[in-house]
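The lines below spell out each chain.
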Amino acid sequence: MKITTNLQWMEADFIEASKFFQNTEELDVTHSHCEDGTVMFDSVCIADKRYEYSKDIGETDDLEKKRYVKRYAKLSLYKSLSDYLGQRLVWGALTGIRPVKYAYSIGENWREKMADEMMVDESKLDIVGRIIEEQKGIYELKENNCDFFVSIPFCPSRCMYCSFLSNEIGKEKHLDGYIDALVKEIESAKPLIKNLRSVYVGGGTPVSLPLPMLERVLKAIGRVDCEYTVEAGRPDVIERETLELLKKYGVTRICINPQTFNDKTLKVIGRRHTAEDIYKKYELAKEFGFIVNMDLIAGLTGESFEDFKFSVDKAIELSPDNITVHTLSLKRGSKLKETTDRLAEGEIAKMIDYSVYRLINSGFNPYYMYRQKYMAGNLENTGYTKKGKACYYNVDVMEEISDNLACGANAVTKKLIVSENRIERYGAPKDIKTYIDKIDKIIEEKNKFFLDNSL
Ligand SMILES: C[S@@+](CC[C@H](N)C(=O)[O-])C[C@H]1O[C@@H](n2cnc3c(N)ncnc32)[C@H](O)[C@@H]1O
Ligand code: SF4
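One numbering rule holds for all chains: residues counted from 1, following each sequence as written. Each chain gets a letter, beginning with A, and each ligand a number, beginning with 1, in the order they are written. With the structure being a predicted model, the display of local features is reserved for residues of pLDDT at least 70 and the display and counting of side-chain atom pairs for 80 or more, all residues being used for whole-chain, interface and lining totals. The side-chain numbers reported here are obtained from all heavy atoms of the structure, hydrogens and water having been left aside.

**A short note on the domain arrangement of the protein**
- Throughout, the edges of the domains are those of an automatic or database domain assignment. Splitting the protein by domain gives domain 1 (1-87), domain 2 (90-125) and domain 3 (145-406).
- For domain 1 and domain 2, the distance between their C-alpha centres works out to 18 Å.
- Residue contacts are counted whenever heavy atoms from the two residues lie within 4.5 Å of one another. Taken together, the nine residues of domain 1 in the interface contact eight residues of domain 2.
- Interface area for domain 1 against domain 2, summed over the two sides, is near 810 Å², with a carbon-plus-sulfur share of 61%.
- Two parts lose some accessible area (1.4 Å probe) when they are put together, and adding that loss for both gives the buried area. Sorting the residues of domain 1 by area buried against domain 2 places Arg 71, Leu 75 and Tyr 78 first, and these three jointly supply 57% of that buried surface.
- Whenever Lys or Arg places a side-chain nitrogen within 4 Å of a carboxyl oxygen from Asp or Glu, that contact is recorded as a salt bridge. Linking domain 1 to domain 2 there are one salt bridge.

**A look at unusual backbone geometry**
- Backbone torsion omega between Gly 203 and Gly 204 reads 15°, so that peptide bond is classified as cis.
- We count a stretch as a helix when DSSP gives it H or I for four or more residues in a row; a strand needs E for two or more, and each element gets its number in order from the N terminus. Of note, Gly 204 is situated in the loop between β8 (195-203) and α7 (211-221).

**Digging into the sheet that holds strand β2 (residues 28-36)**
- Across the sheet, four strands lie side by side as β1-β2-β3-β4; this open sheet has mixed pairing. The open sheet has two edge strands, β1 (2-5) and β4 (49-56), and neither has a second partner. Ignoring strand direction, the axes of neighbouring strands in this sheet form an average angle of 15°.
- At least two DSSP bridges between two strands are needed for those strands to be called paired. In terms of strand pairing, strand β3 (residues 39-46) meets β4 through eight bridges, oriented antiparallel. Looking across to β4, one finds that Val 44 is bridged to Tyr 51. Each axis is a line fitted through C-alpha atoms, taken for helices only over the stretch in contact, and angles between the N-to-C directions span 0 to 180 degrees.

**Regarding the site of ligand 1**
- The rule for a residue being near a molecule or strand is that one of its heavy atoms must lie within 4 Å of it. The environment of ligand 1 is formed by 18 residues, the closest being Asn 257, Gln 259, Arg 271, Asp 295 and Ser 329.
- Between Tyr 161 and ligand 1, the recorded distance is 2.9 Å, taken from a backbone N or O atom to a nitrogen atom.
- Under the rule applied, a polar contact is a pair of N or O atoms within 3.5 Å (in protein, one hydrogen donor and one hydrogen acceptor; residues adjacent in sequence only if both atoms are side-chain atoms). Contacts to ligand 1 include Asn 257, whose side-chain N or O atom sits 2.8 Å from an oxygen atom.
- Out of a free accessible area of 560 Å², ligand 1 has 94% covered by protein chains.
- Of all the secondary structure elements, the ones that give two or more residues to the shell around ligand 1 are β9 (227-233), β11 (291-298) and β12 (322-327).
- Its residues placed into classes, the shell around ligand 1 shows five nonpolar, nine polar and four charged. Surface accessibility in these figures is a Shrake-Rupley result with a 1.4 Å probe; residues are shielded only by whichever protein chains are displayed. Just so you know the grouping, Ala, Val, Leu, Ile, Met, Phe, Trp, Tyr, Cys and Pro go in nonpolar, Asp, Glu, Lys and Arg go in charged, and all remaining residues, Gly too, go in polar.

**Remarks on the packing of helix α11 (residues 305-318) against helix α13 (residues 345-360)**
- Relative orientation of the contacting elements α11 and α13 amounts to 20°, with a least axis distance of 10 Å. Taken together, the axis directions place α11 and α13 in an arrangement best described as roughly parallel. Considering only the axes of α11 and α13, their crossing is right-handed. Across the interface between the two elements, Phe 305, Phe 308, Lys 309, Val 312, Asp 313 and Ile 316 of α11 pack against Glu 347, Lys 350, Met 351, Tyr 354, Ser 355, Arg 358 and Leu 359 of α13.
- For the contact of α11 with α13, a count of residues per class yields seven nonpolar, one polar and five charged. Small angles under 35 degrees read as roughly parallel and large ones over 145 as roughly antiparallel, with 65 to 115 read as roughly perpendicular and the rest as oblique. In this scheme, a crossing is called left-handed if the near helix is turned counterclockwise away from the far one by less than a right angle; it is called right-handed if the turn is clockwise.

**A look at helix α16 (residues 439-452)**
- Taking 1.5 Å of rise per residue, the 14 residues of α16 would be expected to cover 20 Å, and the 20 Å separating its terminal C-alpha atoms lies within 8% of that figure.
- Within α16, the full set of buried residues consists of Ile 439, Ile 442, Ile 443, Lys 446, Asn 447, Phe 449 and Phe 450. With its buried residues spanning 160° around the axis, α16 presents them on a single face. Exposed residues lying more than 90 degrees from the buried face of α16 are Glu 444, Lys 448, Leu 451 and Asp 452.
- Tucked inside the fold, the buried residues of α16 contact β5 (145-152), α6 (175-189), β15 (403-407), β16 (412-417), β17 (422-427) and α15 (432-437). Helix span, as expected, comes to 1.5 Å for every residue beyond the first. For every residue, the accessible area (1.4 Å probe, protein chains only) is compared with the maximum for its type, and the residue is labelled buried under 20%, exposed over 50%, or partly exposed between those bounds. Our arc is simply the arc of the directions from the helix axis toward the C-beta atoms.

**Concerning the pairing of strand β14 (residues 381-385)**
- Counting buried positions along β14 gives five out of five residues, so the element sits mostly inside the fold.
- Pairing analysis gives four bridges linking β12 to β14, with the strands arranged antiparallel. Paired with Thr 324 across the bridge in β14 is Gly 383.
- Relative to β14, strand β13 (residues 365-370) is paired through five bridges, and the arrangement is antiparallel. Following the sheet pairing, Asn 365 is matched in β14 by Thr 385.

**Some thoughts on the pattern of salt bridges**
- Inspection of every chain in the model, using the stated rule, returns 36 salt bridges.
- Taken together, the shared-partner salt bridges connect Arg 98, Lys 101, Glu 400, Lys 414 and Arg 425 into one network.

**Concerning the packing of aromatic side chains**
- The aromatic pairing rule takes the rings of Phe, Tyr and Trp, using the six-membered ring of Trp, and pairs them if the centres are within 6.5 Å, calling planes under 30 degrees apart stacked, those over 60 edge-to-face and the rest tilted. Under the counting rule described, the total for this entry stands at 14 aromatic pairs.
- Consider the rings of Tyr 68 and Tyr 72, whose centres lie 6.0 Å apart with planes at 10°: the pair is stacked. Of this pair, Tyr 68 and Tyr 72 both sit in helix α2 (residues 62-85), four residues apart, which is roughly one turn of that helix.
- Relative to Phe 290, the ring of Phe 288 has its centre 6.1 Å away and its plane inclined at 20°; by these criteria the two rings are stacked.
- Through pairs of rings, three or more aromatic residues link up here, namely Phe 149, Tyr 200 and Tyr 393.
- Across from the ring centre of Trp 9, 4.9 Å away, lies the NZ or CZ of Lys 66, which sits over that ring.
- A cation over a ring is seen here: Lys 350 above Phe 305, with NZ or CZ 4.5 Å from the ring centre. Think of it as a cone above the ring: NZ of Lys or CZ of Arg counts as a charge over the ring if it is within 6 Å of the ring centre and within 35 degrees of the ring normal.

**Let's talk about the pairing of β5**
- Burial analysis of β5 places eight of its eight residues in the buried class, which makes it a mostly covered element.
- As paired elements, β5 and β8 share eight bridges and run parallel to each other. Counted as the bridge partner of Asn 145 is Asn 195 from β8.

**A short note on the side chain of Asp 403**
- Position of Asp 403 among the secondary structure elements: in strand β15.
- Accessibility expressed as a relative area gives 2% for Asp 403, which makes it buried.
- For Asp 403, the side chain forms a polar contact with the main-chain nitrogen of Leu 416, separated by 2.8 Å.
- For Asp 403, the contacting residues outside a window of four places in its chain are Asn 144, Asn 145, Cys 146, Asp 147, Lys 414, Lys 415, Leu 416 and Phe 450.

What follows is the structure, encoded as structure tokens:
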């Protein structure tokens, strides 16, 4: 499809809003936008058909006006393509990665507005509604609320589909230097925190670190009086001693991630563990009383609906506190992108629909959701929880309602300026050696950034 518009700054959004329509290769689309006072006009031409839209947005400031221009331009393109092609997308014209944050931002009538103005399907609005309900008592937008993130970007081996920053731990030359720098950064960050909501040690696979190194990190974080997650992740590196160490330092929640319960797929995606390992490590974790999350992915190489259904049913049978269902996202950086084609999108939509239906009917409620670019079938990732076991960290991060003080390579610190409805970010370098070499400068810059933006 070729799209021409007089709003050149909207081109990327237009591509995003239109890429999930089918059979569009030959289409020539022209969009034009103009304004008369507070009324905005958008017209879209597709082949010989012309669509006209207008909207009076009332008096607004510049920032708000830009948001409206963007919203209605995307909507005009979506409506025209939908009519011309006779196709509907479940998320309609909504392209952002945070549908629930969007719902909160438009206020009480979010449901009607998302249905009428963004053409979002009722099935998705139902999930958004359930999430808002589940977040009651957790959702708190308050200056100086803070979550603490520690990045351990190392794994026992690289899984084929993964596009996160992760380095094979066996090949890492700078592991000692990384832990020295990280401990220094953690210690200098702690005094900046006023109201700690949660701690999250993620990756990568933090428990792939040799235990004395993991202990140095946990010691630096110290005792906390709130939710404390360590993304244990891969069952092949979870041992009794690992869990004992986590317990000793007050960790309350861990992730043991199957991704799938099919051994054939686990082999193909390079996970180096079996379904049997998942059962064993989960039983072990239960002895310690951790809250446990399990991640699953819909759309993994070679998996049919029946394969995915088997994994969802197995996870429900094991009954962890949280289950997170991801839709495969083929980003640059994943080996899988080069070696596989996407499954038929309808098949993945069927998988996601099944997971929603089965999980909700088994006592798991959706409590956070996000979408990603390059996501198969324009779908979403959804975290489910048993009553009262929702993870504060995930809610805070997805709804962007709390500061995120982040340590380690590639970690992004976020500071909320609630009164001005804006977020400032500070990102650390991705490269391990650069991170180590620049640690003093990073600490200085980041701490200044955090304090300068604090009340
Ligand atoms: C940062 S990863 C760390 C998890 C941990 N290292 C493990 O592998 O168990 C968090 C989760 O993101 C999900 N994930 C990673 N790459 C993905 C992709 N390309 N598409 C969808 N989900 C993905 C996986 O479910 C994974 O468990
Ligand atoms: S999925 Fe987890 S273990 Fe696999 S490469 Fe990504 S972060 Fe590492």
